[in-house]
Structures are given as C-alpha cells and as structure tokens.
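What follows is each chain in one-letter form.
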Amino acid sequence: MSKQLDEKYGVGLWIFGRLLDRFVAEGYKSDRTLDEKLNMISSIPLAHGVELSYPADFQIPPEDLFKKLSSLNLEISAVDIDLFSKPKWQKGSITSKDESIRRDAINLVKEGIDRVRKLNVRSVILWLGQDGHDYLFANHREKWRLLIDGLKEISDYLEKETLYLEYKHKEPRTHAIISNVGKTLHIIDRVGSDKLGVTIDTGHALMADENLAESVYLVSDSGTPLMLHLNDAYGYWDDDMILGSINILKFLEFFYALDEVNYDGWYDLDIFPYREDPVKACDQSLRMIHYFRKIVRENKEDLRKAVESDDPHESLDLVWKLILKGFR
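Summarised in this report is the structure supplied together with it.

Rules of the game
- Residues numbered from 1 in each chain as written.
- Predicted model: local features only at pLDDT ≥ 70, side-chain atom pairs only at ≥ 80, totals over all residues.
- Heavy atoms only, no water.
- Helix = DSSP H or I, 4+ residues; strand = E, 2+ residues; numbered from the N terminus.
- Rg over C-alpha atoms; globule rule 2.2 N^0.38 Å.
- Buried < 20%, exposed > 50% of the residue type's maximum accessible area, 1.4 Å probe, protein only.
- Contact = heavy atoms within 4.5 Å.
- Axes fitted to C-alpha atoms, helices over the stretch in contact; angles between N-to-C directions.
- Parallel < 35°, antiparallel > 145°, perpendicular 65-115°, else oblique.
- Nonpolar A, V, L, I, M, F, W, Y, C, P; charged D, E, K, R; others polar.
- Polar contact = N/O pair within 3.5 Å; in protein donor to acceptor, adjacent residues only side chain to side chain.
- Phe/Tyr/Trp six-rings, centres within 6.5 Å; stacked < 30°, edge-to-face > 60°.
- Lys NZ or Arg CZ within 6 Å of the ring centre and 35° of its normal.
- Expected span 1.5 Å × (residues − 1).
- Patch = residues over 30% accessible without salt bridge, like charges linked within 9 Å, V, L, I, M, F, W, Y side chains within 5 Å.
- Areas by Shrake-Rupley, 256 points an atom, 1.4 Å probe, with all protein chains shown as cover.
- Salt bridge = Lys/Arg side-chain N within 4 Å of Asp/Glu carboxyl O.
- Pairing = 2+ DSSP bridges.
- Right-handed = clockwise from strand over helix to strand, strands pointing away.
- 1 Å grid on protein atoms, 1.4 Å probe; cavity = no way out; pocket = protein on both sides within 12 Å on 5 of 7 lines; lining within 4 Å.
- Points joined across faces, edges and corners; volume = space filled by probe spheres on them.

### Digging into the overall build of the chain
Along the backbone of the chain there are eleven helices and ten strands. Against the globule reference of 20 Å for 328 residues, the chain gives a C-alpha radius of gyration of 20 Å, in line with a compact fold. Principal-axis analysis of the C-alpha atoms gives the chain an extent of 65 × 45 × 40 Å. Counting only residues that meet the buried cut, the chain has 51% of its 328 residues in that class. Counting contacts in the chain only where the partners sit at least 6 residues apart, residues at least 24 apart contribute 76% of the total.

Here it is as structure tokens:
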C-alpha cells in the first residue's frame, strides 16, 4: 500500500462531459473542451489521476495530452477502449458474427494499446457493453468461442500492459456476456493469460447482487490483477451515484477487504452526476473514499477480529460504533 492514502485517487474524464441518456439525447450538461474538463478536475483537492477513453479523448497528439496533464499535476490512471458507443457495435464487437466488424473491434483495441504505450500507461480497461444477447435462442456457444479467441489475440498483443475486463449484469444488452465476477475469472482462466485483469465497478457488482468484499477476495485469491471503478447504486440499475450515498456498511466492508489484500492500484470514480455539480460530486466521493480507508487503517485489528469471529452481533456493534456518532 502506498505511503499516502490519497495519492492514487482518480476520476473519469467523462464525468465532466455532456452526460446524456436515452431520455435527454443532447445531454444534461453543456459541452466542454478538454482544457475546461481538466481544469475542473485539477480543482478537486484529492484528484490526482484521470481515466481517459479511446478514441474520444485522443484527438490531440499523445505528447500534447501528456503536457496538459503534467502542467496540472495529473496522471493517467487508465484508458478505456470504447467498443460500445457506435451503432456499428450494436450486435456485438469482438463477438460479432460479422467478421469485418469483429476485426475492426480487435484492431481498435490494438490501436488503443499502441496509444497507451506512447504515454507509458499500463492499465487498459475493456467493457464489452454491446456483447451479449437480448432474446432467447441466441447462439451462445459461438459468442463464447469468439470472445475467448478475440481475447487471446488481444492478450498476445499486450506487452507491459494489463487489460482489465469490466463486467456488468445488463445494459445496453439485456444480458451481457461478461456479467459478473465469477464469469470474468472463468473467461480469464479460459484465455490463459496473465496479462488480463478484472475491473470491479461497484455499481455493476451491486447489480449482480454481489457482496463487494467477497468479490475482492475472489479476484485477489485467484492471483488476478484488480482495478476499481467506484460509485454507489441502489442495486437494481447502474445508478452511478455519489459514493457512500446509499451503501455505507457495504463500502466499509469493501474497503476493509481491499486493505486486507494489499490493493495498491488506483481508486477511480465512475459516476454520472446528471443533475449534480460534477466537481462537488467527485469531491464528496473522494472524501468518502478517503474517510473509509482512514477508518479501516485506524481500526484494522478490531475489524479483523470482528470478521474472524463470524459473529454478526460483534461485527455490527463494532462498525456501528465506528460510523454512527453517539452509538453505544
């Protein structure tokens, strides 16, 4: 774990964009330039990293992008490859039955990896939002074959980079092919590459009815690299809300688990403040992350004893006293 609790806190650049959905296609916010977005991020005291999307955020030469970030004391925490936002991917990207579309998808991932190398970034995230099925009697076996074959080809292209697979239960497809932590680990095992990792998006994990801490342990115990997308949600949809606004106890257990497995990666926000101030939403979320981690650090032995007791009375008494003012 790093010496400074706050040195690896990052935010997704998209948080400061137009933020559109199917009801407000033109976006809830006005459009902003890259410089405006980066200046907003630099105003957040705890934000030290920026997560970018390829190709959308790479409209200027990598060296110019690096200079802009360096001037604001910001790093690139990771780069997401976009294989979901264009109509061409609507029936799948690397699992498309159209070989030309599938080839375009794999080539786009490789192009993104090339750009990442020029910036000396090691973390690449792949969320296959359009790969899955909507109706029954889909060609599941073929989709899985194409998925594994495609990931094997991409893995062979990686050098020092790690490709983190981000899972999600549903949306935009009714059933995503990479839908939960167990399937993700199974896929990585099938591919057989040590260059693949897992991105736990906390909202996605809640949608899949996962225990956040258990998912951390599953990934860690398998020896698989881990990355985080942090947000809060009610659990039945990908709400992408301010962290800690809904699931206080679940997140306390989650950050305890991260400390237990010695997680030393980035703590990146993936929130969508449609109606909120994005700077305030990120600031609150990062302060809450910092608060959880501080509680864990200061009460580690007591938390470990409570967990090892496997006694809900002991565990609840402890955590309630830690987070509820005046509880005795």
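### Some words on the packing of helix H8 (residues 248-260) against helix H10 (residues 300-309)
The geometry of H8 relative to H10 is characterised by a closest axis approach of 11 Å and an angle of 105° between their N-to-C directions. Here H8 lies roughly perpendicular to H10, going by the angle between them. Between H8, through Tyr256, Asp259 and Glu260, and H10, the contact on the second element is made entirely by Lys300, Leu303, Arg304 and Val307. When its residues are assigned to classes, the contact of H8 with H10 shows three nonpolar, no polar and four charged.

### Some thoughts on the environment of Arg32
Position of Arg32 relative to the elements: it lies in the loop between strand E1 (9-12) and helix H1 (34-42). In the structure, Arg32 is positioned 14 residues away from Arg18 in sequence and 7.7 Å away in space, judged by C-alpha atoms. Apart from the residues lying within four places of it in its own chain, the contact partners of Arg32 are Phe16, Gly17, Lys37 and Met40. Within polar-contact distance, the side chain of Arg32 engages the backbone oxygen of Phe16 at 2.9 Å.

### Considerations on the packing of aromatic side chains
A full pass over the atoms with the stated rule returns 15 aromatic pairs. One aromatic cluster in this structure is built from Tyr9, Phe251, Phe254, Phe255, Tyr263, Tyr267, Tyr291 and Phe292. The lysine or arginine in question, Lys88, covers the ring of Trp89, its NZ or CZ lying 4.9 Å from the ring centre. The aromatic ring of Tyr157 is capped on one face by Arg117, whose charged end is 5.2 Å from the ring centroid.

### Some thoughts on helix H11 (residues 312-323)
Here H11 contains twelve residues, and its C-alpha end-to-end distance of 16 Å stays within 8% of the 16 Å for a straight helix at 1.5 Å per residue. At the N-terminal boundary of H11, the capping side chain belongs to Asp311, with an oxygen 2.9 Å from the backbone nitrogen of His313.

### Considering a nonpolar patch on the surface
On the surface, Tyr234, Tyr236 and Trp237 cluster together to form a nonpolar patch covering roughly 400 Å² of accessible area. As for its placement among the helices and strands, Tyr236 is situated in the loop between strand E9 (226-230) and H8.

### With respect to the pairing of E1
Side chains on a regular strand alternate between the two faces of the sheet. Side chains of E1 alternate between two faces, with Tyr9 and Val11 and Gly10 and Gly12 buried alike. Here E1 runs beside strand E10 (residues 267-269); their pairing, made up of three bridges, is parallel. Each residue of the ladder has a partner; that of Val11, found in E10, is Leu269. This β-α-β element, E1 to H1 to strand E2 (residues 49-54), shows right-handed connectivity.

### With respect to the layout of surface pockets
Considered as a void within the structure, the largest pocket measures approximately 1,900 Å³ in volume. Trp14, Leu20, Phe84, Phe272 and Tyr274 are, among the 49 residues lining the largest pocket, the residues nearest its centre. A class-by-class count of the residues in the lining of the largest pocket yields 23 nonpolar, eight polar and 18 charged.

### Focus on the pattern of salt bridges
Throughout the structure, instances matching the rule amount to 20 salt bridges. As a salt-bridge pair, Lys300 and Asp259 come within 2.5 Å of each other at their nearest N and O atoms. Of this pair, Lys300 sits in helix H10 while Asp259 sits in helix H8, and the two are 41 residues apart along the sequence. Neither residue differs from the other here; Lys300 and Asp259 are each classed as buried.

### Notes on the sheet that holds E1
With parallel pairing, the eight strands of this closed barrel are ordered in space as E1-E2-E3-E4-E6-E8-E9-E10. Across the sheet, the mean angle from the axis of one strand to that of its neighbour is 30°, orientation sign disregarded. Both E9 and E10 contribute to a ladder of three bridges, which runs parallel. Bridge pairing in E10 places Leu230 opposite Leu269. Where H8 meets the sheet, its contacts fall on E9 and E10, and the angle it forms with E9 comes to roughly 155°.

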